[in-house]
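# Survey of secondary and tertiary structure
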Amino acid sequence: NAGVTQTPKFRILKIGQSMTLQCTQDMNHNYMYWYRQDPGMGLKLIYYSVGAGITDKGEVPNGYNVSRSTTEDFPLRLELAAPSQTSVYFCASTEGGGPSFNEQFFGPGTRLTVL
Amino acid sequence: ILNVEQSPQSLHVQEGDSTNFTCSFPSSNFYALHWYRWETAKSPEALFVMTLNGDEKKKGRISATLNTKEGYSYLYIKGSQPEDSATYLCASTGYSTLTFGKGTMLLVSP
């Protein structure tokens, strides 16, 4: 199993550009999450999904969108990039039953810089 | 949004020292408490998922305890080694999501 994979690893965007961060997991997990990690701030939840076709906002959803058309994929879309979105983005997944019982598996992260 | 606090923010110990960190979380509507180990330039990896008051879990030299009534968990590392250097995150769960603390950064010098 590859686990949770993310692409790209690094990206530089100009203000106002858009991009999609890809996340795929091959563990058949229902729960998937997007976090951003800013220095000194820990991991903040952007969006999450409890299954295909179901998504919900986390703590910091503004400026982002997600979709979940399949169990495996959970892409994160930035429509109009802003410098405040410069961060490291982590995708994670958890198996059925959710985080009340099961650990989260994290992808390797995407480092995004908006200039 | 849950409020999860970790202390200390950072810690520098010598090889062979034993150390411990604290995670505080709201005791009401408790579901589970997670501990993760996060090495620089890597992604977080789970250490423990704890659900029961009084629970104690161990993995090698690392152990954790849980007090859900007063809302805290301790992580202990016995005989720290340089390879233990990492940020240790705790997270308290709601039904579907985790709220992470800011972590404790541990540096173990040889």
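Presented here is an overview of the structure given in this document. (Residues numbered from 1 in each chain as written. Chains lettered and ligands numbered in written order. Predicted model: local features only at pLDDT ≥ 70, side-chain atom pairs only at ≥ 80, totals over all residues. Heavy atoms only, no water.)

## Considering the sheet that holds strand β7 (residues 62-67) of chain B
Residues and elements named next belong to chain B. Condition: Between any two strands, pairing holds if DSSP finds at least two bridges. Strands are runs of DSSP state E lasting at least 2 residues, helices are runs of H or I lasting at least 4, and numbering of each runs from the N terminus. Interaxial angles span 0 to 180 degrees and are taken between N-to-C directions of axes, which are lines fitted to C-alpha atoms, for helices over the stretch in contact.
With antiparallel pairing, the five strands of this open sheet are ordered in space as β1-β3-β8-β7-β6. Strands with a single pairing partner mark the edges of an open sheet, and in this sheet they are β1 (5-7) and β6 (56-59). Strand-to-strand twist across the sheet, computed as the mean angle between neighbouring axes with direction ignored, equals 15°. Looking at chain direction, β6 and β7 are connected through four bridges and run antiparallel. Directly across from K57, in β7, lies its bridge partner A64.

## Some details on the nonpolar core
We count it as follows: Take the buried residues of types Ala, Val, Leu, Ile, Met, Phe, Trp, Tyr and Cys, join any two whose side-chain atoms come within 4.5 Å, and each joined set is a nonpolar core. Each residue's exposure class comes from its accessible area (1.4 Å probe, protein chains only) as a fraction of the maximum for that residue type: buried when under 20%, exposed when over 50%, partly exposed otherwise. Contacts are residue-level and defined by heavy atoms, with any inter-residue pair within 4.5 Å sufficient.
Among the nonpolar cores identified, the biggest contains 21 residues, and L33, W35, F48, L75 and Y88 of chain B are the most heavily contacted of them. Broken down by secondary-structure element, the contributors of at least two residues to this core are β3 (19-24), β4 (33-38), β5 (45-50), β7, β8 (72-77), β9 (86-93) and β11 (104-109) of chain B. When near neighbours in sequence (up to four residues on either side) are disregarded, F48 of chain B contacts L33, H34, W35, K57, K58, K59, I62, S63, A64 and L75 of chain B. Membership of the second largest hydrophobic core comes to 19 residues, among which are C23, W34, Y47 and F74 of chain A.

## Side note on the pattern of salt bridges
Where charged atoms from two side chains of opposite charge approach closely, those side chains can pair. All names here are of chain B. Formally: Counted as salt bridges are all cases of a side-chain nitrogen of Lys or Arg within 4 Å of a carboxyl oxygen of Asp or Glu.
Here the structure, examined in full by the defined rule, presents six salt bridges over all chains. Note that E39 and K42 form a salt bridge whose closest N and O atoms lie 3.9 Å from each other. One network of salt bridges, in which partners are shared, links R37, E39 and K42.

## Topic: the sheet that holds strand β3 (residues 19-25) of chain A
All names here are of chain A. Read across the sheet, four strands follow the order β1-β3-β8-β7 without closing on themselves; strand pairing throughout is antiparallel. Bordering the open sheet on either side are β1 (4-7) and β7 (64-66), each of which pairs with just one other strand. Mean inter-strand twist for the sheet, computed between neighbouring axes without regard to direction, equals 20°.

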